[in-house]
Amino acid sequence: VTLQINTSPIIVNNTIKGKITTGSGLTIISGNYIEGSIESNGEKDEITGNVLFGADSGYGIRMGFGVIERNLISNYHDAIKFWLGASPIIRNNTLVNNVNAISVPGYLRSSYSPQMYWNNIYNNSDYSINLYTDENHPTRNVNATYNWWGSNAGPEPGSISENVEYDPWLRF
């Protein structure tokens, strides 16, 4: 199933197998079990309280702006992947058993400031935060402080790309 949404619906308490693509309006996606992905194109989308389970490939959520909050996202190549120039708010999520938990284009515009805090990010095989770039674009620092990295000692060595600020982190 592929849901192409061009209005401003509320999608709540469903089981969805497939892809959800939002339009430019406000879409609220909450309380769903999703075996597939969400591609958010709205500037005010709210993706909250969902369980997303992938098939070891692709992304769970791809977003530019909006809020990703209180989701469990597992078993994707990229649990969350930003659009170029994105500035989402990512908070209170559990991102576990993915290849990369969060993938961020390293060439963010200086006016954009993604917010990633209060998340549980652990047991991802490559990166907890993957800041990817190329030789034609400068790299900006990304703030990923106040997250739980699966240990009071912080993230595992090599699981955070360069230019990602992750200290201080949450301890339990």
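Residues numbered from 1 in each chain as written. Predicted model: local features only at pLDDT ≥ 70, side-chain atom pairs only at ≥ 80, totals over all residues. Heavy atoms only, no water.

**Student:** Go over the environment of V99 with me, naming the residues and quoting the values.
**Tutor:** If you trace the backbone, V99 turns up in the loop between strand 13 (94-96) and strand 14 (100-105). It is 4.7 Å that separates the C-alpha atoms of V99 and H77, two residues lying 22 residues apart in sequence. What V99 contacts, discounting residues up to four positions off in sequence, is Y76, H77, N124, S125, D126 and Y127. (Helix = DSSP H or I, 4+ residues; strand = E, 2+ residues; numbered from the N terminus. Contact = heavy atoms within 4.5 Å.)

**Student:** Lay out the side chain of D78 in plain terms, naming residues and giving numbers.
**Tutor:** Within the element layout of this structure, D78 appears in strand 11 (residues 78-82). Within the buried set, D78 has no salt-bridge partner at all; the shortest N-O distance to an opposite charge, 4.1 Å, is to K81. Among the polar contacts made by the side chain of D78, one reaches the side chain of H77 at a distance of 3.1 Å. (Buried < 20%, exposed > 50% of the residue type's maximum accessible area, 1.4 Å probe, protein only. Lys, Arg positive; Asp, Glu negative; His and termini not counted. Salt bridge = Lys/Arg side-chain N within 4 Å of Asp/Glu carboxyl O. Polar contact = N/O pair within 3.5 Å; in protein donor to acceptor, adjacent residues only side chain to side chain.)

**Student:** Explain the nonpolar core to me, using residue names and the numbers behind them.
**Tutor:** One broad rule of soluble globular proteins: the nonpolar side chains tend to lie buried together. Among the nonpolar cores identified, the biggest contains 32 residues, and I102, M116 and I129 are the most heavily contacted of them. Going through the elements one at a time, strand 3 (15-21), strand 5 (33-39), strand 8 (59-63), strand 11, strand 14 and strand 17 (127-132) are the ones with two or more residues in this core. Once you skip the residues sitting within four places of it in the chain, I102 turns out to touch I80, F82, I90, L95, M116, I121, S128, I129 and N130. (Core = buried A, V, L, I, M, F, W, Y, C linked by side-chain atoms within 4.5 Å.)

**Student:** Can you break down the sheet that holds strand 12 (residues 89-91) residue by residue, with the values?
**Tutor:** Read across the open sheet, the six strands follow the order 2-4-6-9-12-15; overall the sheet is parallel. Both outer strands of the open sheet, strand 2 (10-12) and strand 15 (115-117), are each paired with one neighbouring strand and no more. Between one strand axis and the next, the sheet turns by 5° as a mean value, whatever way the strands run. Bridge count for strand 9 (residues 67-69) against strand 12 is three bridges, and the pairing is parallel. Within the sheet, the bridge partner assigned to E69 lies in strand 12 and is R91. (Pairing = 2+ DSSP bridges. Axes fitted to C-alpha atoms, helices over the stretch in contact; angles between N-to-C directions.)

**Student:** For the pattern of salt bridges, give the residues involved together with the corresponding values.
**Tutor:** In this structure the tally under the stated criterion is three salt bridges. Close ionic contact of E39 with K19 constitutes a salt bridge, the shortest N to O distance being 3.2 Å. Of this pair, E39 sits in strand 5 while K19 sits in strand 3; the two residues are 20 residues apart in sequence, bridging distant segments of the chain. A relative accessible area of 15% means that E39 is categorised as buried. Accessibility expressed as a relative area gives 28% for K19, which makes it partly exposed. Among the ionic pairs, E69 bridges to R91, the shortest N-O distance being 2.7 Å. Taken together, the residues span a long stretch of sequence, with E69 in strand 9 and R91 in strand 12 at a distance of 22 residues. Residue classification places E69 among the buried positions, given a relative accessible area of 14%. One network of salt bridges, with partners in common, ties together E69, R70 and R91.

**Student:** Outline the packing of aromatic side chains, supporting the account with residue identities and numerical values.
**Tutor:** Tallying each qualifying case throughout the model produces three aromatic pairs. A centroid spacing of 4.7 Å and a plane angle of 70° characterise the contact between W148 and F172, whose relative ring orientation is edge-to-face. You can see W148 sitting in the loop between strand 18 (142-143) and strand 19 (164-165) and its partner F172 sitting in the segment after strand 19, a full 24 residues away along the chain. Note on F172: relative accessible area 66%, which makes it exposed. Arranged with centres 6.1 Å apart and planes meeting at 20°, the rings of Y166 and W169 form a pair that is stacked. (Phe/Tyr/Trp six-rings, centres within 6.5 Å; stacked < 30°, edge-to-face > 60°.)

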